[in-house]
Amino acid sequence: MGTYIDFFAILATGALLYAINRRRKPSLPLPPGPKGLPLVGNLFQVPSKLEWMRYHEWSAELDTDILHVQIDTSFRYRLGDFWRKHRRLAQKSLQLTAVKQYRPHLAQATRKLLKRLLDDRNDSNLIPHLRQLTAETILSVAYGIQIQQENDPYIKISEDANQGAIIAAVPGRFLVDTIPILRYVPAWFPGASFKRKAREWSKMTRLMVEVPYADAKGRIVATLTIAFSEESGNSTASILRTSLQSIGAGGKDAFTEDVIRNTLAVLYGAGSDTTVASMTTCVLGLLEHPEVLKKAQAQIDGVVKPGHLPDLDDEPSLPYITAIAKEALRWRDVTPIAIPHALSTDDEYKGYRLPAGAIVIANAWAMLHDENVYANPFEFNPDRFIDPETGKIDYSRARDPLHACFGFGRRICPGRFMAFESLWLLIASLITAFDIEKAKEKVTLPSGEEVERTVELTHEYTAALIV
Ligand code: HEM
């Protein structure tokens, strides 16, 4: 049986959940929370889906911005020095100034996407194209690898490993999650499929960590060349190249190859689904709001020369595109409760005790849908960020969603600058080259007459792109 852990949530502005350890500071009370049952606490009151909404309701009922929820869990994970180095490498390699050197990679991948869409105009399923775009961007930034437009082996390796990780990460998926002693049964034992699967997934993860790294390193070392390949005309700058150069130069900030290899492998898993989700959300918003699309296209027409595509240097002149990207990140935020963190020392908030070891969850969803900050928060409305007088971005009207959509504190998403630039460039390019409309389908009426009608949106929505 796991330890009983008390969780807290800050909800009016966010949410915090954390676990109590034994060293209590008796002087201060714990934050308020919903009444639970003996032994199981609030375990059965927290839904397994959309739990951030429940936290938000409790917060409103108890009129508090910090909430304490008691849940039984045995899950704990400590971030040691080894992992800290990975985080430092990711943050350093993807900071704003570093990301600027990868803009040619983003532009190249986005232009290839436009070409694929043009070649394949009857295919209304945008999502596989967006997956290809983000895979291409991340693999080229991480390793300098130029991937194939179809059936790329590096994407396959990364996707296989990712799928295994996603399945394994769902708590309670396997019986061993509930009965830990099962981990000692042999792999051939009936019911021990988790062991065979774990072996398979661990092999896939090893491939993902080792194969792109070894291939790209081999190429970098073989060419011993500068950061620009004349042959392809594309920048070959990559995080791997910079990191290896730093080892070669014997810099005191150099990371070991182990750390470099693991960090690069993590970027795909952390950055691909999240970026695709924000892009699809944005297309959904534009499908539902043709007036926003028209306004954005008008701004682009006034700034970008005919026959050209916008690039990231145009961002200051295209505030409405920025507003659309920010609204997409806010409207259907990809990570509503980000990743739980654990407190390493005792803390205090508004006179409440937050004990060391507590698990803290910030309710980003509540922050990004707070109607005191964002009027009509469930509406897709990029204009909320625009000053109507100047047409410029004005975050005093509605707070920049970046304060909550990429996590918090030292472990804030290191890929946030690249994610934002990828999203911005995708939207600007897509709406320069295409109109985006709901797909049409032919249906036969009971009278036998054949008519064309708009496909209404479901969660499996489709889009049609019109040149
Ligand atoms: C719209 C796209 C993205 C969203 C919404 C997003 C969101 C997040 C969030 C909420 C976290 C957890 C932060 C925390 O613990 O407080 C995170 C962590 C992380 N993200 Fe992102 N992310 C996105 C794109 C990316 C991209 C493109 C990359 C890299 C290429 C990336 C790499 C990472 C890594 C490595 C971590 C783990 C950081 C750590 O634990 O120290 N993310 N992301």
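Thresholds applied
- Residues numbered from 1 in each chain as written.
- Predicted model: local features only at pLDDT ≥ 70, side-chain atom pairs only at ≥ 80, totals over all residues.
- Heavy atoms only, no water.
- Helix = DSSP H or I, 4+ residues; strand = E, 2+ residues; numbered from the N terminus.
- Buried < 20%, exposed > 50% of the residue type's maximum accessible area, 1.4 Å probe, protein only.
- Phe/Tyr/Trp six-rings, centres within 6.5 Å; stacked < 30°, edge-to-face > 60°.
- Lys NZ or Arg CZ within 6 Å of the ring centre and 35° of its normal.
- Domains from an automatic or database assignment.
- Contact = heavy atoms within 4.5 Å.
- Buried area = accessible area lost by both parts, 1.4 Å probe.
- Polar contact = N/O pair within 3.5 Å; in protein donor to acceptor, adjacent residues only side chain to side chain.
- Nonpolar A, V, L, I, M, F, W, Y, C, P; charged D, E, K, R; others polar.
- pLDDT = per-residue confidence, 0-100.
- Donors = N, O, S within 2.8 Å, 3.2 Å for Na, K, Ca; no water.
- Near = heavy atom within 4 Å.
- Core = buried A, V, L, I, M, F, W, Y, C linked by side-chain atoms within 4.5 Å.
- UniProt positions renumbered as here; feature names shortened; annotations may be inferred.
- Expected span 1.5 Å × (residues − 1).
- Arc of directions from axis to C-beta.

### Quick word on unusual backbone geometry
Turning to step 1, where the next piece is worked out: Even without being glycine, Ala338 reaches a positive phi, approximately 45 degrees.
Turning to step 2, where the next piece is worked out: Mapped onto the elements, Ala338 comes out in the loop between α12 (319–331) and β5 (341–342).
Turning to step 3, where the next piece is worked out: Owing to a relative accessible area of 25%, Ala338 belongs among the partly exposed residues under this scheme.
Turning to step 4, where the next piece is worked out: The phi dihedral of Lys350 is positive, around 45 degrees, even though this residue is not glycine.
Turning to step 5, where the next piece is worked out: Examined against the element boundaries, Lys350 turns out to sit in the loop between β6 (347–349) and β7 (352–354).
Turning to step 6, where the next piece is worked out: Owing to a relative accessible area of 60%, Lys350 belongs among the exposed residues under this scheme.

### Concerning the packing of aromatic side chains
Turning to step 1, where the next piece is worked out: Counted by the stated rule, this structure contains five aromatic pairs.
Turning to step 2, where the next piece is worked out: On the basis of an interplanar angle of 40 degrees and a centroid distance of 6.3 Å, the ring pair of Tyr55 and Trp58 is categorised as tilted. Here Trp58 and Tyr55 lie together in helix α1 (residues 51–62), a separation of three residues that amounts to about one turn. Per residue, the accessibility class of Tyr55 equals that of Trp58, and both read buried.
Turning to step 3, where the next piece is worked out: Ring geometry for Trp365 against Phe378: centres 6.0 Å apart, planes inclined by 40 degrees, an arrangement best described as tilted. With Trp365 in helix α13 (residues 364–368) and Phe378 in the loop between α13 and α14 (416–433), this pair connects stretches of sequence that are 13 residues apart.
Turning to step 4, where the next piece is worked out: Judged by relative accessible area, which is 54%, Phe378 ranks as exposed.
Turning to step 5, where the next piece is worked out: We note Arg330 situated over the ring of Tyr374; from NZ or CZ to the ring centre the distance is 5.1 Å.

### Comments concerning the domain arrangement of the protein
Turning to step 1, where the next piece is worked out: Annotation of the protein at the domain level lists domain 1 (1–75 + 336–368) and domain 2 (80–333 + 381–449).
Turning to step 2, where the next piece is worked out: Contact with domain 1, which involves eight residues of that partner, is made by ten residues of domain 2.
Turning to step 3, where the next piece is worked out: Together domain 1 and domain 2 conceal approximately 820 Å² of surface at their shared face, both sides included; 67% is due to carbon and sulfur atoms.
Turning to step 4, where the next piece is worked out: On the domain 1 side of the contact with domain 2, His341, Met367 and Leu368 bury the most area, a combined 62% of that side's loss.
Turning to step 5, where the next piece is worked out: Counting every contact that joins domain 1 to domain 2 gives one residue pair in polar contact (both at pLDDT 80 or more).
Turning to step 6, where the next piece is worked out: Looking at the side of domain 1 that touches domain 2, the element that brings in the most residues is α13, giving four residues.
Turning to step 7, where the next piece is worked out: By residue class, the composition of the side of domain 1 that touches domain 2 is seven nonpolar, one polar and no charged.

### Brief notes about the confidence of the model for the protein
Atom-level detail of predicted coordinates should not be read off regions where pLDDT is low.
Turning to step 1, where the next piece is worked out: For the protein, mean pLDDT is 83; residues scoring 70 or higher make up 81% of the total.
Turning to step 2, where the next piece is worked out: Across the protein, α12 holds the top mean pLDDT of 98, while strand β1 (residues 3–10) sits lowest at 39.
Turning to step 3, where the next piece is worked out: Note on residues 1–25: pLDDT is under 50 here. Beyond four places in sequence and across chains, it has 124 contacts.
Turning to step 4, where the next piece is worked out: Between residues 226–235, whose pLDDT stays under 50, and residues either more than four places distant or in other chains, the model counts 16 contacts.
Turning to step 5, where the next piece is worked out: Reported confidence for the predicted complex is 0.98 by ipTM and 0.86 by pTM.

### Examining the coordination of the iron atom of the ligand
Turning to step 1, where the next piece is worked out: Coordination of the iron atom of the ligand by the protein involves just one donor, Cys413 (SG), at a distance of 2.3 Å.
Turning to step 2, where the next piece is worked out: With respect to the element layout, Cys413 can be found in the loop between α13 and α14.

### Structural notes on the site of the ligand
Turning to step 1, where the next piece is worked out: Close contacts around the ligand come from 23 residues, with Arg87, His341, Phe408, Arg411 and Cys413 the closest.
Turning to step 2, where the next piece is worked out: Phe408 places a polar main-chain atom, nitrogen or oxygen, 3.0 Å from an oxygen atom of the ligand.
Turning to step 3, where the next piece is worked out: The set of elements that each furnish at least two residues to the shell around the ligand consists of α10 (257–288) and α14.
Turning to step 4, where the next piece is worked out: Among the elements that make up the shell around the ligand, the one with the highest residue count is α10 (six residues).
Turning to step 5, where the next piece is worked out: Here the shell around the ligand is built from residues that sort into 13 nonpolar, eight polar and two charged.
Turning to step 6, where the next piece is worked out: Split by domain, the residues of the shell around the ligand number at least three in each of domain 1 (1–75 + 336–368) and domain 2 (80–333 + 381–449).

### Focus: the nonpolar core
Grouped burial of nonpolar side chains is what soluble globular proteins tend to show.
Turning to step 1, where the next piece is worked out: Tyr143, Leu240, Leu264, Ile321, Ile324, Ile427 and Ile431 are the most contacted members of the largest nonpolar core, which totals 89 residues.
Turning to step 2, where the next piece is worked out: The element best represented in this core is α10, accounting for 13 residues.
Turning to step 3, where the next piece is worked out: Shared between two domains, this core takes at least three residues from each, and those domains are domain 1 (1–75 + 336–368) and domain 2 (80–333 + 381–449).
Turning to step 4, where the next piece is worked out: Dropping the residues within four chain positions of it, Leu264 is found in contact with Ala142, Tyr143, Tyr213, Ile239 and Leu240.
Turning to step 5, where the next piece is worked out: Ranked by size, the runner-up nonpolar core spans six residues in total, among them Val46, Tyr55, Leu67 and Val69.

### Observations regarding the UniProt feature "binding site: heme" (unreviewed entry) in the protein
Turning to step 1, where the next piece is worked out: In the numbering used here, UniProt assigns the feature "binding site: heme" (unreviewed entry) to Cys413.
Turning to step 2, where the next piece is worked out: A relative accessible area of 27% means that Cys413 is categorised as partly exposed.

### Re the environment of Trp52
Turning to step 1, where the next piece is worked out: Relative to the helices and strands, Trp52 resides in helix α1.
Turning to step 2, where the next piece is worked out: Classification of Trp52 by relative accessible area gives buried; the value is 15%.
Turning to step 3, where the next piece is worked out: Non-local contacts of Trp52, meaning those with residues more than four positions away in its chain, are made with Pro336, Ile337, Asn363 and Trp365.

### Observations regarding α1
Turning to step 1, where the next piece is worked out: Here α1 spans 17 Å end to end across twelve residues, near enough to the 16 Å set by a 1.5 Å rise per residue.
Turning to step 2, where the next piece is worked out: Among the residues of α1, those classed as buried are Glu51, Trp52, Tyr55, Trp58 and Ser59. The buried side chains of α1 occupy one side of the element, clustering within an arc of 120 degrees when seen end-on. Exposed and facing more than 90 degrees away from the buried side of α1 are Ala60 and Glu61.
Turning to step 3, where the next piece is worked out: Trailing α1 by a residue or two, Asp63 shows a phi angle of about 50 degrees, which is positive.

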